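Fold and contact review
Letter by letter, the chains look like this.
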Amino acid sequence: MAQNLKKMSEPVSREQRLENYQPLSGMVVPRFAGISTFMRLPYLAPTQAPGEIDIAILGIPFDGATTNRPGTRLGPRQVREASSLMRLVNYGTLVAPYELCACADVGDVPVNPIDVQDTLRRIEAEVSYLHQGGVTPLSIGGDHIISYPILRALAAKSGPVGMIHVDAHSDTGDTYFGGQKLTHGTPFRRAIEDGVLDPRRMVQIGIRGHMYAADEREWALDQGIRIIDMEEVVEKGIPYAIAEARRIVGTDPTYFTFDIDSIDPAFAPGTGTPEIGGFTSREALQLVRGFRHLNLIGADMVEVSPPLDQSGGTALVGASIAFELLCLLAEARAERAAKETRLNVV
């Protein structure tokens, strides 16, 4: 017994951690079999994550702040299922995330489906625990309010962060339904008001559709947010949007949030507030892959609503984008680690 305890307490090498946290091979257990986890990764309780893994993929099954069609509370479960189709190496970039970082599925945040404020506290507490412990969060929603407590948790350690925001909607509204300030259309106004999101290092890409009032856009512009709406993307191209966004966020800590409704409903109909005229799924891949080598400290993919697309196609798009985000985060962590090593040597 004592010998076993000694073995358990011995530090585990990086190589061993990487070996311990590999996806279940589709050549050993078919991808249609086994227990569903994000990317077929091992499950790890969030309390065990600090010091054990580098990137935690967590589900946030909450849509209590949705103002249109609901169902995104079921998103994490179906994205888990769809993510069984992801393999080990990114074909477009050749990034192999599991060779760079130890990754695991840490389950779902225990949300309160009938209390928005309580849910936000729970999200912030869990993400804060992970981030303070040196673990990078990749969150799968859920509606877009989940980004707000995540930004609060990250900024508590890293200071105000920059953000790449891919979406059809700005989500910088003020109030809904008689003064309600916490909805999926208001997270980034709240984050800016709290001082956890730096609007001068925030860029929104793909904004389109309709607004309740012009103030929503005017307020964002007044704060210094750079809006690259869909018309500008179409006119100037995705490479331009990537270059402009990279210029805005710079080299300081940055968060990446991807709303599935940024993609045209022809490719991703399963979302609560679809807007025509969006990205194709191929264009979305091109866009996300353009943000390699940034100082990314977290990301989320939100607003997949399975009941609105029973084919599962939207969840597959969401899982694919989540894998792309995972590749970005893994590469960013590896580059930060290499930089720290060089500084220590000097």
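Structural data are supplied above this passage.
Residues numbered from 1 in each chain as written. Predicted model: local features only at pLDDT ≥ 70, side-chain atom pairs only at ≥ 80, totals over all residues. Heavy atoms only, no water.

Here we come to the pattern of salt bridges. The final tally for this structure, using the stated rule, is 21 salt bridges. Between aspartate 174 and lysine 181 there is a salt bridge, with its nearest N and O atoms 3.2 Å apart. Relative accessible area serves as the criterion here: at 28%, aspartate 174 is assigned to the partly exposed category. Among the residues examined, lysine 181 registers a relative accessible area of 40% and is labelled partly exposed. Linking glutamate 193 and arginine 190 is a salt bridge whose minimum nitrogen-to-oxygen distance equals 2.9 Å. (Salt bridge = Lys/Arg side-chain N within 4 Å of Asp/Glu carboxyl O. Buried < 20%, exposed > 50% of the residue type's maximum accessible area, 1.4 Å probe, protein only.)

At a minimum axis separation of 9 Å, helix H10 (residues 238–249) and helix H11 (residues 281–289) run at an interaxial angle of 30 degrees. By the angle class used here, H10 and H11 are roughly parallel. Both H10 and H11 take part in a crossing whose hand is right-handed. Two secondary-structure elements touch here, H10 through Ile238, Pro239 and Ile242 and H11 through Glu283, Gln286 and Leu287. Looking at the contact of H10 with H11 residue by residue, the class counts come to 4 nonpolar, 1 polar and 1 charged. (Axes fitted to C-alpha atoms, helices over the stretch in contact; angles between N-to-C directions. Helix = DSSP H or I, 4+ residues; strand = E, 2+ residues; numbered from the N terminus. Parallel < 35°, antiparallel > 145°, perpendicular 65-115°, else oblique. Left-handed = near helix turned anticlockwise from the far one by under 90°. Contact = heavy atoms within 4.5 Å. Nonpolar A, V, L, I, M, F, W, Y, C, P; charged D, E, K, R; others polar.)

It is worth spelling out helix H3 (residues 75–82) at this point. Of all the positions in H3, only Gly75, Pro76, Val79, Arg80 and Ala82 are classed as buried. For H3, the angular spread of the buried residues around the axis is 165 degrees, confining them to a single face. (Arc of directions from axis to C-beta.)

Where helix H5 (residues 116–132) meets helix H6 (residues 147–158), the axes come as close as 8 Å, and the angle between the chain directions of the two elements is 35 degrees. The crossing of H5 and H6 is right-handed. Residues Leu120, Ile123, Glu124, Val127, Ser128, His131 and Gln132 of H5 pack against Tyr148, Pro149, Ile150, Arg152, Ala153, Leu154, Ala156, Lys157 and Ser158 of H6. For the contact of H5 with H6, the per-class residue count stands at 9 nonpolar, 4 polar and 3 charged.

The next thing to look at is helix H8 (residues 215–223). If you check which residues of H8 are buried, you get Glu216, Trp219 and Ala220. Each buried residue of H8 sits inside an arc of 100 degrees when the element is viewed along its axis, so together they form one side. In this fold, the buried residues of H8 make contact with helix H7 (187–193) and strand E6 (226–228). Residue glycine 224 follows H8 closely and has a positive phi angle near 100 degrees.

With parallel pairing, 8 strands are arranged side by side in an open sheet as E2-E1-E3-E8-E7-E4-E5-E6. Of all strands in the sheet, those bounded by a partner on one side alone are strand E2 (103–108) and E6. Each neighbouring strand pair of the sheet contributes to a mean axis angle of 15 degrees, computed without reference to strand direction. In this structure, strand E7 (residues 254–259) lies alongside strand E8 (residues 296–302), joined through 6 bridges in parallel fashion. Bridged to phenylalanine 256 within E8 is alanine 299. (Pairing = 2+ DSSP bridges.)

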